[in-house]
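# Examination of the molecular architecture
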Amino acid sequence: VWGLVTLPEGTVLFNERDSHAGVHLNPKTGAKKTIGTVPNVQSTDGEGGLTGLEINPASFGSDHWLYIMHTSPSDNRIVRIKYDPSADSLVTSSEQVLLTGIARNKYHNGGRLRFSPDGNYLFAGTGDAQNGANAQNTSSLNGKVLRINPDGSIPAVNPFHNAVWSYGHRNVQGLAFDAQGRLWEQEFGNSVMDETNLIVKGGNYGWPSCEGTSGTCGTAGVIAPQHTDTVAGGSCSGINSIRDV
């Protein structure tokens, strides 16, 4: 299981990374049903495949779009596909490709999706595709937190005039908004520290020369993590905000 969302009536949809299937789960009974297979997904015998899943909190009740991130034969990409509640299935013929060109690799594909609470923007976490130089290149979509409009277009006020919202990330695994509307990110470190970051527009989070608080993290313009965990202690991945924190 990789991506997971709770539908308005309280049931759950989730993505299976390696089977490429979407599954509908009733958490009260444990009953589950495969609702379809996402087209054009290719696993990488590592961390790629069918990853992120999200719904727009402002419009899902009327539009039924599922926003999906996955590895394709050529890249990582973001698409959207309609969910038919009456048939409890994916309408794969409705697929729209929203963003392409995120480099794929066996590892470090990222894959998390999260809508802003107002539903205006879709954020995506990407990995550096095991090439640290990607993370500092603001023309690359890898090693980034991305921001796009729900239709895949690029917001005019994005800092680098592309989908990039923040950069200098190694492998983004978790995204969450808190009650104040702030975006938090959870990131896999390499051999020293995992990071919990507070994401700001255009922010540079230091990778590959900075990992957690080690390396050149004191350099002007590099944003320090809000919290770190030792890599040896466990690989922190998902993140969420509860109790109006």
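We now turn to the structure provided with this report. (Residues numbered from 1 in each chain as written. Predicted model: local features only at pLDDT ≥ 70, side-chain atom pairs only at ≥ 80, totals over all residues. Heavy atoms only, no water.)

## Some words on the overall build of the protein
Of the regular secondary structure elements, the protein holds two helices and 18 strands. Its C-alpha radius of gyration of 17 Å places the protein within 12% of the 18 Å reference for a compact globule of 245 residues. Taken along the three principal axes of its C-alpha coordinates, the protein extends 55 × 40 × 40 Å. Burial status across the protein gives 53% buried among its 245 residues. (Helix = DSSP H or I, 4+ residues; strand = E, 2+ residues; numbered from the N terminus. Rg over C-alpha atoms; globule rule 2.2 N^0.38 Å. Buried < 20%, exposed > 50% of the residue type's maximum accessible area, 1.4 Å probe, protein only.)

## As for the pattern of salt bridges
Summed over all chains, the structure comprises four salt bridges. Linking D75 and R77 is a salt bridge whose minimum nitrogen-to-oxygen distance equals 2.9 Å. Ionic pairing is found between D178 and R182, a salt bridge with its closest N-O pair at 2.7 Å. D178 gets classed as buried once you look at its relative accessible area, which sits at 6%. Residue classification places R182 among the partly exposed positions, given a relative accessible area of 32%. (Salt bridge = Lys/Arg side-chain N within 4 Å of Asp/Glu carboxyl O.)

## Section: the pairing of strand 11 (residues 144-148)
Most of strand 11 is tucked away, with five of its five residues classed as buried. Where burial is concerned, the two faces of strand 11 agree: the one with K144, L146 and I148 and the one with V145 and R147 are both buried. Alignment of strand 10 (residues 122-125) against strand 11, held across four bridges, turns out to be antiparallel. Its bridge partner lying in strand 11, F123 is registered against R147. Pairing of strand 11 with strand 12 (residues 164-167) involves three bridges; the strand directions are antiparallel. The residue of strand 12 that forms the bridge with V145 is S166. (Pairing = 2+ DSSP bridges.)

## Structural notes on the sheet that holds strand 2 (residues 12-15)
With antiparallel pairing, four strands are arranged side by side in an open sheet as 1-2-3-4. Pairing within the sheet leaves two strands with one partner each, and these edge strands are strand 1 (4-6) and strand 4 (32-37). Adjacent strand axes in the sheet meet at a mean angle of 20 degrees when their direction is disregarded. Examined bridge by bridge, strand 3 (residues 21-25) and strand 4 share five bridges and lie antiparallel to one another. (Axes fitted to C-alpha atoms, helices over the stretch in contact; angles between N-to-C directions.)

## A look at the environment of H24
By secondary structure assignment, the location of H24 is in strand 3. Taking the C-alpha atoms as reference points, H24 and I35, separated by eleven residues in sequence, lie 6.5 Å from one another. Residues within four places of H24 in sequence aside, it is in contact with L7, E9, T11, V12, L13, A31, K32, K33, I35, Y83 and D88. (Contact = heavy atoms within 4.5 Å.)

## Let's talk about the state of the cysteines
Enumeration over the complete set of coordinates arrives at one disulfide. In this model, C210 is linked to C217 through a disulfide, with the two sulfur atoms separated by 1.9 Å. On the sign convention where negative is left-handed, the bridge of C210 and C217, at about 105 degrees about the S-S bond, is right-handed. Of the two residues, C210 and C217, neither departs from the other in class, the shared state being buried. (Disulfide = S-S within 2.5 Å.)

## With respect to the sheet that holds strand 6 (residues 65-71)
Taken in spatial order, the four strands of this open sheet run 5-6-7-8, and their pairing is antiparallel. Edge strands, defined here as strands with exactly one partner in the open sheet, are strand 5 (50-54) and strand 8 (89-102). The sheet shows a mean angle of 25 degrees between the axes of neighbouring strands, taken without regard to direction.

## A look at the layout of surface pockets
The space that makes up the largest pocket amounts to roughly 410 Å³. Lining the largest pocket are 21 residues, and of these L4, V5, E54, R114 and N240 sit closest to its centre. Mapped onto the lining of the largest pocket, the elements with two or more residues apiece are strand 1, strand 5, strand 9 (113-115) and strand 13 (172-177). (1 Å grid on protein atoms, 1.4 Å probe; cavity = no way out; pocket = protein on both sides within 12 Å on 5 of 7 lines; lining within 4 Å. Points joined across faces, edges and corners; volume = space filled by probe spheres on them.)

## As for the environment of G181
Its place among the elements puts G181 in the loop between strand 13 and strand 14 (183-187). Along the chain, G181 and P117 lie 64 residues apart, while their C-alpha atoms are 7.2 Å from each other.

## Describing unusual backbone geometry
Looking along the chain, the bond that leaves W207 and enters P208 is cis, with omega of 10 degrees. Residue placement: P208 occurs in the loop between strand 15 (193-199) and strand 16 (210-211). Even without being glycine, H20 reaches a positive phi, approximately 70 degrees. Within the element layout of this structure, H20 appears in the loop between strand 2 and strand 3. The class for H20 is buried, based on a relative accessible area of 15%. Unlike most non-glycine residues, H64 shows phi in positive territory, near 55 degrees. For H64, the location among the structural elements is in the loop between helix 1 (60-63) and strand 6.

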